[in-house]
Amino acid sequence: MPDPSTAAADALAAAAVFLDLREEGRELDALVGELPGSDWARPTPAPRWSIAHQIAHLHWTDRAAHLSLTDATGFGRMVEEALAAPDSFVDEGAEEGAKLPPAELLDRWRTGRAALDEALAAASPDTRFPWYGPPMKAASMASARLMETWAHGQDVADALGVRRTPTARLRHVARIGVRARDYAYAVRGLPAPEGEFRVELTAPDGSGTWEYGPAEAPQRITGPALDFCLLVTQRAHRADLALTATGPDADRWLDIAQAFAGPAGAGREPGAAR
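Bear in mind that the values here come from a model prediction, so they are computed numbers and not experimental data.

Conventions we followed
Residues numbered from 1 in each chain as written. Predicted model: local features only at pLDDT ≥ 70, side-chain atom pairs only at ≥ 80, totals over all residues. Heavy atoms only, no water. Helix = DSSP H or I, 4+ residues; strand = E, 2+ residues; numbered from the N terminus. Contact = heavy atoms within 4.5 Å. Salt bridge = Lys/Arg side-chain N within 4 Å of Asp/Glu carboxyl O. Buried < 20%, exposed > 50% of the residue type's maximum accessible area, 1.4 Å probe, protein only. Pairing = 2+ DSSP bridges. Expected span 1.5 Å × (residues − 1). Axes fitted to C-alpha atoms, helices over the stretch in contact; angles between N-to-C directions. Arc of directions from axis to C-beta. Phe/Tyr/Trp six-rings, centres within 6.5 Å; stacked < 30°, edge-to-face > 60°. Lys NZ or Arg CZ within 6 Å of the ring centre and 35° of its normal. Parallel < 35°, antiparallel > 145°, perpendicular 65-115°, else oblique. Nonpolar A, V, L, I, M, F, W, Y, C, P; charged D, E, K, R; others polar. Left-handed = near helix turned anticlockwise from the far one by under 90°.

> Just to check I follow, could you spell out the side chain of Asp 227 for this structure?
Assignment of secondary structure puts Asp 227 in helix H9 (residues 225-232). Beyond its immediate sequence surroundings of up to four residues, Asp 227 is in contact with Leu 241, Ala 242 and Leu 243.

Rendered as C-alpha cells:
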C-alpha cells in the first residue's frame, strides 16, 4: 500500500508545479496581451519566427499536452502527423497559427492554457501519459511546459527589448537541463560520460545555491541559475554566459547541452544575445 504521507507530499509538489506553470504563462501574457497587431510580426532570435510564431508554437504544444492527458487517440494522430514530417512539423504548426489574426491567436492560446491547467489538475498523479519522448506523469509534463513557455517567452522578450526578472520558477528548467544531460549526447550520436556531474547554480535572488549531483564529482558546472537555463534552452551561447566548467567532460557538455526534446539544436551565435 502506498505511503499516505508520500502521496500527500507528491500531490503538494505537483500542485506547486501547476501553479508555477500558470504564473509563467501569465508573465508572458503580460508581454503580448496589449501588443499592437503590427508588433506580432516582429522577428525574434529564432530564424524565420516572429512573435506570432512563438505564441502559435506554445498554443500548438499546449494543445498536444492537453490531448495527451485527455484523449490518447487524438494525441496519437498528432504523433502520426509528426512522424510523417519529422523535420518540418514544428515549423508548420507555428506557421499555421501565425497566420491567424493576433487577437484570435491570443484568445486561442489563453483558452488552451486554461484547458491544460484543468486537465493537469484532474489527471491521475501516478499515471504516465504519452508524449513525443518517454511517457510522463502530469507533474513532469507541467515542468516541461513551463520550460518551453519560459524559453519561448525569452525569445519574445528579446524581440521586444525587454529584460525579464528571473524567478525561482527557473528551478524547473534547471532540473530538466541537468536530467537531460545524456539526451544531449544521444541526439548527436555521442556516448554519454560515465558518472554524474556536480552542478551548483546561484539562485536568481542570490539567496542560496541549487545543487545537483554528488558533491565529490570531479566534473562540475557552476554559475548563475539564469545563465544555465539560457544555455540548456539554447537561448544564449556559452561565451556570453558566466558558467564555469571543471573537467573536460563538463566543458564538452556546455557546448551541446539542451533541455528540450527533438533533434540537436543549432543554438545561438556568440554575441547574438539579448
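From this point, things continue past the structure.
> Honestly, the pattern of salt bridges in this entry has me stumped. Any pointers?
Note that side chains of opposite charge can pair when their charged atoms are close. Scanning the model with the defined rule gives 20 salt bridges in all. Linking Glu 104 and Arg 108 is a salt bridge whose minimum nitrogen-to-oxygen distance equals 2.6 Å. Of this pair, Glu 104 and Arg 108 are both found in helix H5 (residues 102-122), 4 residues apart, which corresponds to roughly one turn of the helix. On the accessibility criterion, Glu 104 (32% relative accessible area) is partly exposed.

> Looking at this model, I keep getting lost on the pairing of strand E3 (residues 220-224). Mind explaining?
Along any regular strand the residues' side chains alternate between the sheet's two faces. Across 5 bridges, the pairing between strand E1 (residues 198-202) and E3 is parallel. Its bridge partner lying in E3, Leu 201 is registered against Gly 223.

> Could you clarify how one ought to interpret helix H6 (residues 138-160) in this entry?
Counting along an α-helix, one turn takes 3.6 residues, and residues three or four places apart therefore face a common direction. Between its terminal C-alpha atoms H6 stretches 32 Å, which fits the 33 Å expected from 23 residues at 1.5 Å a residue. For H6, the tally of buried residues reaches 20 of 23 residues, placing the bulk of the element in the interior. In the stretch just after H6, Gly 161 is the one whose phi turns positive, near 70°.

> Whenever I open this one, the sheet that holds strand E4 (residues 244-246) confuses me. Can you help?
Whenever strands of a sheet pair, they do so through backbone hydrogen bonds, lying parallel or antiparallel. Strand order in the open sheet formed by 4 strands is E2-E1-E3-E4, with mixed pairing between adjacent strands. Each end of this open sheet is capped by a strand with a single partner; those strands are strand E2 (209-212) and E4. Mean inter-strand twist for the sheet, computed between neighbouring axes without regard to direction, equals 10°. H9 contacts E1, E2 and E3 of the sheet and is inclined by roughly 115° relative to E3.

> Is there a simple way to think about H5 in this case?
Here H5 spans 30 Å end to end across 21 residues, near enough to the 30 Å set by a 1.5 Å rise per residue. Taken together, the buried positions of H5 are occupied by Leu 105, Leu 106, Trp 109, Gly 112, Arg 113, Leu 116, Ala 119 and Leu 120. The arc that holds every buried residue of H5, seen down its axis, measures 155°, which confines them to one face. For H5, exposure combined with an orientation more than 90 degrees from the buried face picks out Ala 103, Glu 118, Ala 121 and Ala 122.

> Is there a simple way to explain unusual backbone geometry in this structure?
Outside of glycine, negative phi angles account for most residues, and trans bonds account for most peptide bonds. Positive phi, close to 70°, is recorded for Arg 48, a residue that is not glycine. Mapping Arg 48 onto the fold places it in the loop between helix H1 (4-32) and helix H2 (51-70). Given a relative accessible area of 72%, Arg 48 falls into the exposed group. Even without being a glycine, Gln 234 presents a positive backbone phi close to 55°. Positionally, Gln 234 belongs in the loop between H9 and E4. With relative accessibility at 10%, the residue Gln 234 sits in the buried group.

> Even after reading the chapter, I still don't get the environment of Ser 38, so can you show me in this structure?
Mapping Ser 38 onto the fold places it in the loop between H1 and H2. Ser 38 sits 64 residues away from Pro 102 along the chain, and the two C-alpha atoms are 8.8 Å apart.

> So what exactly am I meant to see when it comes to the packing of aromatic side chains here?
Each aromatic ring pair is summarised here by two numbers: the centre-to-centre distance and the angle between the ring planes. Summed over all chains, the structure comprises 8 aromatic pairs. With a centroid separation of 5.1 Å and 75° between ring planes, the pair formed by Trp 131 and Tyr 132 is classed as edge-to-face. Members of the aromatic cluster, connected to one another through ring pairs, are Trp 60, Phe 75, Phe 89, Trp 131 and Tyr 132. Over the face of the ring belonging to Trp 109 we find Arg 113, whose NZ or CZ atom lies 4.2 Å from the ring centre. The cationic tip of Arg 181 hangs over the ring face of Phe 197; the distance from NZ or CZ to the ring centre is 4.4 Å.

> Which parts of the structure should I look at to understand the packing of H2 against helix H3 (residues 72-84)?
The relative placement of two packed helices is expressed as an angle between their axes plus a distance between the axes. The interhelical angle for the contact between H2 and H3, taken along N-to-C directions, is 135°, at an axis separation of 6 Å. Taken together, H2 and H3 sit at an angle that is classed as oblique. In this structure, H2 uses Trp 60, Arg 63, Ala 64, Leu 67, Ser 68 and Thr 70 to contact H3, whose residues at the interface are Ala 72, Gly 74, Phe 75 and Met 78. Here the residues of the contact of H2 with H3 sort into 6 nonpolar, 3 polar and 1 charged.

> Can you help me understand the packing of H2 against H5 in this one?
Relative to each other, H2 and H5 sit at 30°, their axes nearing to 9 Å. As judged from the angle between their axes, H2 and H5 are roughly parallel. Crossing handedness for the pair H2 and H5: left-handed. Residues Ala 52, Ile 55, Ala 56, Leu 58, His 59, Asp 62, Ala 65, His 66, Leu 69 and Thr 70 of H2 form the contact with H5, whose participating residues are Leu 105, Arg 108, Trp 109, Arg 113, Ala 115, Leu 116, Ala 119 and Leu 120. Taken together, the residues of the contact of H2 with H5 break down into 12 nonpolar, 3 polar and 3 charged.

Taken by themselves, the reported measurements are silent on function.
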